[in-house]
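# Observations on chain architecture
Okay, here's what each chain looks like letter by letter:
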Amino acid sequence: MFLLAVVLYFLLACLVSWLALFPAGRAFVVERAARAEAALQRRFAGLRRRQTAGAQALRQSGAASAQGLAAFARRHYLLCLAGLALLSLPPTLAFLASGKNMLGAYDVSTREVNTQVAELLEGEQLVPPVALPPTVFATAEIERERPMLVSASRNWALMDPEYTQRLLLVFKIMKEQHGYDMAILEGYRSPERQNMLASLGSSVTNAAAFQSWHQYGLAADCAFLRDGKLVISEKDPWAMRGYELYGQVAESVGLTWGGRWKMMDFGHTELRVPGVMKRKA
């Protein structure tokens, strides 16, 4: 490495001495530098000409493509309109499906929800109470008031989550503010069971299969617990007062209460969701 450095230093010293002592050497170097500069300028000029020509060709090609597309659209405007209609059909259907009027008129609750209750609904997730033993629903008195209740479903997991949270909030308010313990009598109801109950007559229900919100997990029948026993009958003044309070609380959280119907059903509440069930003709 040292020897190579010495040789390079010697050559550099000779070059500098030649340029300093001989004018012909300096003229030669200047001439070569001038030629190299001219060559670079010619090369850059050629590159700029090619770039300019390419950009012009691209603009001309784009203009020709646009003109060709416009000519095609004018010649085949019906075909183009049909294509646009097909492309817009899926988003249009999706938009209509999200609206309230796609399948006609629906039963929708128009009651205003209490603002404090609305805040509670956005907060903690309430947990269903412990299931009562089946014997609670199998007494002779209960059978007279609610036929076939012992075989009804009281599984909270089969009901709509939003409705479940609203109903559990009603249970909580009824207990904490009014001192009533509540129990669910029936939640989700199969279409077969709905038809079976309808066959018992209008004193039980007027709704056939899929005409009740029970089939969609959006309704439940509830009653009160007193000393560990179910109290269903409205003839009991304590229970009747409870039903009145229950209706007020249920409506305050946006539920529909059956106590306002022509065929009153004091223990029934439902959440009417647009687009789920068409109003009966």
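For the structure itself, look to the data block above.
The text that follows walks through the structure, step by step, so that each part is easy to find. Residue indices follow the written sequence of each chain, beginning from 1 at its first position. Given that this is a predicted model, residues contribute local features only at a pLDDT of at least 70 and side-chain atom pairs are listed and counted only at 80 or more, while totals for whole chains, interfaces and linings are drawn from all residues. Computation of side-chain values: all heavy atoms of the structure, hydrogens and water removed.

### A closer look at the nonpolar core
If you look at the biggest cluster of nonpolar residues, it comprises 45 residues, and the most contacted ones within it are Met174, Leu230 and Tyr246. To qualify as a helix, a DSSP run of H or I must reach at least 4 residues; to qualify as a strand, a run of E must reach at least 2; elements of each kind are numbered from the N terminus. Residue assignment for this core shows that the elements contributing at least two residues are helix H6 (161-178), strand S1 (181-186), strand S2 (219-226), strand S3 (229-231) and helix H8 (237-252). Ranked by residue count, the leading element in this core is H6, at eight residues. In this description, contact between two residues means that some pair of their heavy atoms is separated by no more than 4.5 Å. Apart from residues no more than four positions distant in its own chain, tyrosine 246 is found in contact with Leu167, Val170, Met174, Met182, Cys222, Phe224, Trp257, Phe266, Gly267 and Thr269. The set of buried Ala, Val, Leu, Ile, Met, Phe, Trp, Tyr and Cys residues whose side-chain atoms join them within 4.5 Å is what this entry labels a nonpolar core. Remark: exposure states derive from per-residue accessible area (1.4 Å probe, protein chains only) relative to the maximum for the residue type, with buried under 20%, exposed over 50%, and partly exposed in between.

### Focus on the packing of H6 against H8
A pair of packed helices is captured by two measures, namely the crossing angle of their axes and the spacing between those axes. Angular values range over 0 to 180 degrees, each being the angle between N-to-C directions of two axes fitted as lines to C-alpha atoms, with helices fitted over their stretch in contact. In contact at an axis separation of 10 Å, H6 and H8 are set at 130° when each is read in the N-to-C sense. Relative to H8, H6 is oriented oblique. With respect to the hand of their crossing, H6 and H8 are arranged in right-handed fashion. In contact with Leu167, Val170, Ile173, Met174 and His178 of H6, H8 contributes Gly242, Leu245, Tyr246, Val249 and Ala250. We call Asp, Glu, Lys and Arg charged. Ala, Val, Leu, Ile, Met, Phe, Trp, Tyr, Cys and Pro are nonpolar, and the rest, Gly among them, are polar. Along the lines of polarity and charge, the residues of the contact of H6 with H8 split into eight nonpolar, two polar and no charged. Roughly parallel means an angle under 35 degrees; roughly antiparallel, over 145; roughly perpendicular, 65 to 115; everything else is oblique. Whether a crossing is left-handed or right-handed is set by the direction in which the near helix is turned from the far one by less than a right angle, anticlockwise for left-handed and clockwise for right-handed.

### Focus: unusual backbone geometry
Here phenylalanine 210, not a glycine, exhibits a phi torsion of approximately 65°, which is positive. Secondary-structure assignment places phenylalanine 210 in the loop between helix H7 (191-198) and S2. Relative accessible area serves as the criterion here: at 46%, phenylalanine 210 is assigned to the partly exposed category. One non-glycine residue, aspartate 227, adopts positive backbone phi at about 55°. Summarising the element assignment, aspartate 227 is placed in the loop between S2 and S3.

### Description of the environment of leucine 245
Tracing the backbone through its elements, the reader meets leucine 245 in helix H8. Overall, the relative accessible area of 7% leaves leucine 245 in the buried class. A sequence separation of 71 residues divides leucine 245 from methionine 174, and the C-alpha atoms of the two residues are 7.6 Å apart. Not counting the four nearest positions on each side in its chain, leucine 245 is found in contact with Met174, His178 and Tyr180.

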